[in-house]
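# Chains, contacts and geometry: an overview
Below, each chain spelled out in residue letters.
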Amino acid sequence: MIVEKNKFAAIVTECDYENDTDKIRELIGDCRVVVVRNNNPVPPETLVSFYKTIGEVVSQNTKVKGNVAGHGELIKVRKNGLFSGEEDGELEWHSAGMNRKGHDDVVVMYMHQNAESGGNTFFSDSQTAFTDLDDDTKDILRNIKSKIVTYNAKLKLEQMYYKRIFSDEQTMMEFKDIDGQNSFEKQTPRKDLVTAHPINNKEGLYFPWTVIRGFSGISKDAQHNLYYKLKNHTQDEKYVYEHEWNNYDICFSDQHHSLHKREAYTGDRELWRAGIWYRDEEVKEKADETIEYRDHQAGSYDEWSCESLIK
Ligand SMILES: [Fe+2]
């Protein structure tokens, strides 16, 4: 296969789905986003078997609407479907499972039908953004946990972020992780701000700022300042790659040290999404390491000291 770089992203052509798997896996760890270009449509079954060489692929049951030709591993992302975003198709920065324990290691997107206009996806690189910080700041951040918004059952679809992710209540309540547990029930209000990447073991920021409402163990002012400092820093253009889609692109997106967002679009854009979990059990345990504050935190608005998604 041929690999070119565009900022931190790896752009791959002439990929051999059977023999290039290890290289793709490594690239995901090092590059945050790996785009595999294809000249022709890739059948759903080929996509699924390719993804299964990278890790375990989550298969949703039929109660989750929008699978591709009966393949529960591939979920259609389109208007009036899952992850539909705002009316105009815009979807704010996010990553998979940003408010829950454990999450897809990789999200894969396959462009079945590109938008007429717009619809570019932006990816961030918070591994390099962390590497570039000074040593004192790194030390401070290593000991901090982010306060994460959680949703109780009452809030569910009615408000906030989830409305733009899940098409209906049943889909939200049925959406599962690889362990078969309902994603909704795995929410956690605290997550480490600095984590080691399971592939290359490098440190990076786990900073899904759209659901972060502060940090534990520091004053309110310090929380506020840190939030905006990190938000500005990670949004620097050095750490953001804008992907212009071609039909049949496969985009592997790291979910540890990267966020992604979609701009507004027109046309009947249809992308197929899958979630991949790395197989190594030790890796999983590390990623699941969070502290249980959920019981007294779920659904609480009290701590919101930074930006809010409620408009
Ligand atoms: Fe996404």
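Reading the values: the criteria
Residues numbered from 1 in each chain as written. Predicted model: local features only at pLDDT ≥ 70, side-chain atom pairs only at ≥ 80, totals over all residues. Helix = DSSP H or I, 4+ residues; strand = E, 2+ residues; numbered from the N terminus. Buried ≥ 20, exposed ≤ 12 C-beta atoms within 10 Å, placed from the backbone. Contact = placed C-beta atoms within 7 Å. Pairing = 2+ DSSP bridges. Axes fitted to C-alpha atoms, helices over the stretch in contact; angles between N-to-C directions. Core = buried A, V, L, I, M, F, W, Y, C linked by C-beta atoms within 7 Å. Expected span 1.5 Å × (residues − 1). Arc of directions from axis to C-beta. Right-handed = clockwise from strand over helix to strand, strands pointing away. pLDDT = per-residue confidence, 0-100.

### What about the overall build of the chain?
When you go through the chain residue by residue, the secondary structure sums to eight helices and 20 strands. Taking all 311 residues of the chain together, 41% fall into the buried category. Sequence separation of at least 24 residues holds for 80% of the intrachain contacts in the chain that already meet a minimum separation of 6.

### Considerations on the sheet that holds strand β11 (residues 145–148)
Consider a sheet: its strands pair through backbone hydrogen bonds, and that pairing is either parallel or antiparallel. Judged by pairing direction, the sheet is antiparallel, and its three strands sit side by side in the order β12-β11-β15 without closing on themselves. The open sheet terminates on both sides in strands that have one partner only, identified here as β12 (190–192) and β15 (212–215). With strand direction ignored, the average angle separating the axes of adjacent strands in the sheet is 35 degrees.

### Looking at the sheet that holds strand β18 (residues 260–262)
Within the open sheet, the four strands sit side by side as β7-β18-β10-β16. Their pairing is antiparallel. Pairing within the sheet leaves two strands with one partner each, and these edge strands are β7 (91–94) and β16 (240–243). In this sheet, neighbouring strand axes are inclined to one another by 15 degrees on average, regardless of whether the strands run parallel or antiparallel. The pairing of strand β10 (residues 121–124) with β16 spans four bridges and is classified as antiparallel. Bridge pairing in β16 places T121 opposite H243.

### Points about the nonpolar core
Grouped together as the largest cluster of nonpolar side chains are 48 residues, with contacts concentrated most on V33, V34, V108 and F252. Residue assignment for this core shows that the elements contributing at least two residues are β2 (9–13), α1 (21–31), β3 (33–36), α2 (44–52), β6 (71–77), β8 (106–113), β17 (250–254) and β20 (270–277). Here this core gets six residues from one element, more than from any other, and that element is β8. Residues contacting F252, with those up to four places away along its chain left out, are I24, I28, V33, V34, V106 and V108. If you look at the next biggest cluster of nonpolar residues, it comprises 20 residues, including V149, L205, Y227 and Y239.

### Things to note about unusual backbone geometry
Positioned with a positive phi, R32 is a non-glycine residue whose angle comes to about 70 degrees. With respect to the secondary-structure elements, R32 resides in the loop between α1 and β3.

### Description of helix α6 (residues 220–234)
Between its terminal C-alpha atoms α6 stretches 21 Å, which fits the 21 Å expected from 15 residues at 1.5 Å a residue. Regarding α6, the residues found buried are Q223, L226, Y227, L230 and T234. Considered in projection along α6, the buried side chains sweep an arc of 105 degrees and stay on one side of the axis. Away from its buried face, by an angle of more than 90 degrees, α6 presents the exposed residues D221, N225, K229 and N232. The elements touched by buried residues of α6 are β10, α3 (126–131), β14 (203–205) and β15.

### What to know about the environment of A274
Topologically, A274 is positioned in strand β20. What makes A274 buried here is the crowd of 28 C-beta atoms within 10 Å. Considered as a pair, A274 and Q60 are 214 residues apart in the sequence and their alpha carbons are 9.7 Å apart. When residues no more than four places from it in sequence are discounted, the contact partners of A274 are Y51, V57, E73, L74 and V108.

### Let's talk about the pairing of β3
Because side chains alternate across β3, one face comprises the buried residues V33 and V35, and the other comprises V34 and V36, equally buried. Bridging between β2 and β3 involves three bridges; their strand directions are parallel. Residue pairing across strands places A10 opposite V34, the latter belonging to β3. The β-α-β motif built from β2, the intervening α1 and the parallel element β3 has right-handed crossover chirality.

### A few points about the environment of T13
The topology assignment puts T13 in strand β2. When near neighbours in sequence (up to four residues on either side) are disregarded, T13 contacts I2 and R37.

### Describing the confidence of the model for the chain
For the chain, per-residue confidence averages 85 on the pLDDT scale, and residues scoring 70 or more make up 85% of the total. Considering only residues more than four positions removed or in separate chains, one finds that residues 286–311, a stretch of pLDDT under 50, has 46 contacts.

### Thoughts on the pairing of β20
Taken across its eight residues, β20 has seven buried, putting it largely inside the fold. Here two bridges tie strand β4 (residues 56–57) to β20, and the two strands are oriented antiparallel to one another. Residue pairing across strands places V57 opposite I276, the latter belonging to β20. In the sheet, β6 pairs with β20 via three bridges, with the strands oriented antiparallel. Directly across from V77, in β20, lies its bridge partner L271. For β8 and β20, the ladder comprises seven bridges, and the chain directions are antiparallel. Of the residues in β20, the one forming a bridge with Y110 is W272.

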